[in-house]
Amino acid sequence: MTDVTISTRPTVVIVGAGFGGLRAARALRRAPVDVVMLDRHNYHLFQPLLYQVATAGLEPEQIAKPVRAILRRQRNFEFRMAEVTGLDPAARRLATADGPVAYDHLILAVGGETNYFGLENVPRHGFGLKDVPDAIRIRNHVLHQFERAMLEPNAERRRALLTFVVVGGGPTGVEMAGALSELIRLVLVKDYPRLNIKDVRVLLLEATDRLLGPMPPRLREAAAETLWRKHVEVRFGAAVADYDGARVLLKGDEVIPARTLIWAAGAKAVSLTARLGLPTGRQGRVPVEPTLRVPGYPEIYVIGDAAYLEADGEPLPMMAPVALQMADTAVTWVVWLVVHIIQLIGFRNKLFVLLNWAWDYFFFERAARLITTMD
Ligand SMILES: Cc1cc2nc3c(=O)[nH]c(=O)nc-3n(C[C@H](O)[C@H](O)[C@H](O)COP(=O)(O)OP(=O)(O)OC[C@H]3O[C@@H](n4cnc5c(N)ncnc54)[C@H](O)[C@@H]3O)c2cc1C
């Protein structure tokens, strides 16, 4: 077993070096704890700019940075590149591909993945956009379609090679469709002078009747207008039913011949959440209390895309600012607990306080109802 407890200080293990995980690690830099961060990658990825990599605007290293480089000055910090595969809450141990890792407090910031809503053929033949390899695959594929189109004598097949379908009218789909059209109309037309630009189509398919659902109408209209100017064909009420790599089948049986489908229509928590033995709710997210603790597991916090918490009756969105704020909250709680326990003198005292605390917390009790003025 990999023993991470190298000092008498409590060990806070953070899983995930995304927005939430990094923020939590930084916030613990002066806390009397040892911080161990685990991630399956050795880098932090700025996901909001992935579409720029997919459309050849940026190189991957411009939106990803090694975690060790970001936090190298933090003295109580240690990074381990490891994939977490399971959790044993009773033993306070994580299972990883490289052996178990023990923790005193655990912050799960494992993020999300693409949600294909059970359309099995879409990930098989189309593209998601969640990580660097996804973005590079899209970039290679798009450029490849142009090379193939130049060699394709059949007009119908050439048009299918040059039809790019983006699914989902949320922020990612809107950005992706706009940037793809810009790449084609501003850059690729120069590389392919024999290309007939009329053969090229960029479609944005949205199942509802609006783009950027939760945003104010003024911004939604501005986005639609901008896409129209960029020659993106926006189709409302267009729900994808299947895709075989050559034809997009819409509900209602319309078929769009297209060799490229980019899916930006949904997100859910990473599938790991289903393997941790913790309860999961909508989108596979782990329901948490307002303190971001998992009910019944006072030493486990879940933050960011993997956490399910409602505000004003609505789930908090899977967005970077939410992950950052959740990290601040969870850390505050960890530090509060650790500092108070550490300041008590004597092991027995610490243990009693911890037990009392846990009891009061779960049974909504407050033991200290004494009037203690000395008058
Ligand atoms: C294409 C795209 C565009 C986006 N655009 C925006 C935007 O414009 N604005 C906005 O606010 N939000 C945007 N988002 C959403 C935003 O990126 C997420 O809400 C945010 O990254 C969530 O932060 P997080 O810390 O919960 O998870 P993440 O940032 O996803 O980090 C999770 C980390 O956990 C690691 N991990 C996962 N599973 C394991 C495992 N089993 N073992 C070890 N490590 C693991 C991952 O490698 C990753 O580093 C976008 C997302 C995408 C995909």
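Each value, and the rule that gives it
- Residues numbered from 1 in each chain as written.
- Predicted model: local features only at pLDDT ≥ 70, side-chain atom pairs only at ≥ 80, totals over all residues.
- Heavy atoms only, no water.
- Helix = DSSP H or I, 4+ residues; strand = E, 2+ residues; numbered from the N terminus.
- Buried < 20%, exposed > 50% of the residue type's maximum accessible area, 1.4 Å probe, protein only.
- Contact = heavy atoms within 4.5 Å.
- Areas by Shrake-Rupley, 256 points an atom, 1.4 Å probe, with all protein chains shown as cover.
- Phe/Tyr/Trp six-rings, centres within 6.5 Å; stacked < 30°, edge-to-face > 60°.
- Pairing = 2+ DSSP bridges.
- Near = heavy atom within 4 Å.
- Polar contact = N/O pair within 3.5 Å; in protein donor to acceptor, adjacent residues only side chain to side chain.
- Nonpolar A, V, L, I, M, F, W, Y, C, P; charged D, E, K, R; others polar.
- Axes fitted to C-alpha atoms, helices over the stretch in contact; angles between N-to-C directions.

> Please explain the overall build of the protein chain as it appears in this structure.
The helix and strand inventory of the protein chain stands at 10 helices and 24 strands. Counting every position in the protein chain, which comprises 375 residues, the buried fraction comes to 45%. Long-range pairs, those at least 24 residues apart, make up 61% of the contacts in the protein chain with a sequence separation of at least 6. Surface exposure of the protein chain reaches about 20,000 Å², of which carbon and sulfur atoms provide 55%.

> Any chance you could explain the packing of aromatic side chains here in plain terms?
Given two aromatic rings, their pairing is described by the distance between the two centres and the angle made by the two planes. This model, assessed by the stated rule, comprises 4 aromatic pairs. Ring plane angle 10° and centroid distance 5.8 Å describe the contact between Phe146 and Phe164, whose orientation is recorded as stacked. In this pair, Phe146 sits in helix 5 (residues 132–151) while Phe164 sits in strand 11 (residues 163–167), placing the two residues 18 residues apart along the sequence. Residue Phe146 is classed as buried on the basis of its relative accessible area of 0%. Ring pairs connect the aromatic residues Phe146, Phe164 and Tyr192, which therefore count as one cluster.

> Looking at this structure, how should I read the pairing of strand 14 (residues 240–243)?
A regular strand carries its side chains on alternate faces of the sheet. In the sheet, strand 14 pairs with strand 15 (residues 247–250) via 3 bridges, with the strands oriented antiparallel. Opposite Tyr243, over in strand 15, you have Val248 as the bridge partner. The turn joining strand 14 and strand 15, which pair antiparallel and follow one another in sequence, is formed by 3 residues; a positive phi near 95° is taken by Gly245.

> I keep staring at the site of the ligand and nothing clicks. Help me out?
Among the 27 residues in the neighbourhood of the ligand, the closest are listed as Gly20, Asp39, Gln47, Val84 and Asp305. In this structure, an oxygen atom belonging to the ligand sits 3.3 Å away from a main-chain N or O atom of Phe19. For the ligand, an oxygen atom lies 2.6 Å from a polar atom in the side chain of Asp39. In isolation the ligand has 1,000 Å² of accessible area, and contact with the protein removes 90% of it. Residue contributions to the shell around the ligand peak at 3 residues, all from helix 9 (residues 320–343). Tallied by class, residues from the shell around the ligand come to 14 nonpolar, 8 polar and 5 charged.

> Would you take a moment to explain the sheet that holds strand 13 (residues 232–236) for this structure?
What holds strands together in a sheet is hydrogen bonding between their backbones, with the strands either parallel or antiparallel. Across the sheet, 4 strands lie side by side as 13-12-11-17; this open sheet has parallel pairing. Edge positions in the open sheet fall to strand 13 and strand 17 (260–263), since each of these has one partner strand only. Strand after strand, the sheet turns through a mean of 20° between neighbouring axes, direction not considered. Across the sheet, helix 7 (residues 171–191) touches strand 11, strand 12 (201–206), strand 13 and strand 17, and the angle it forms with strand 12 is around 175°.

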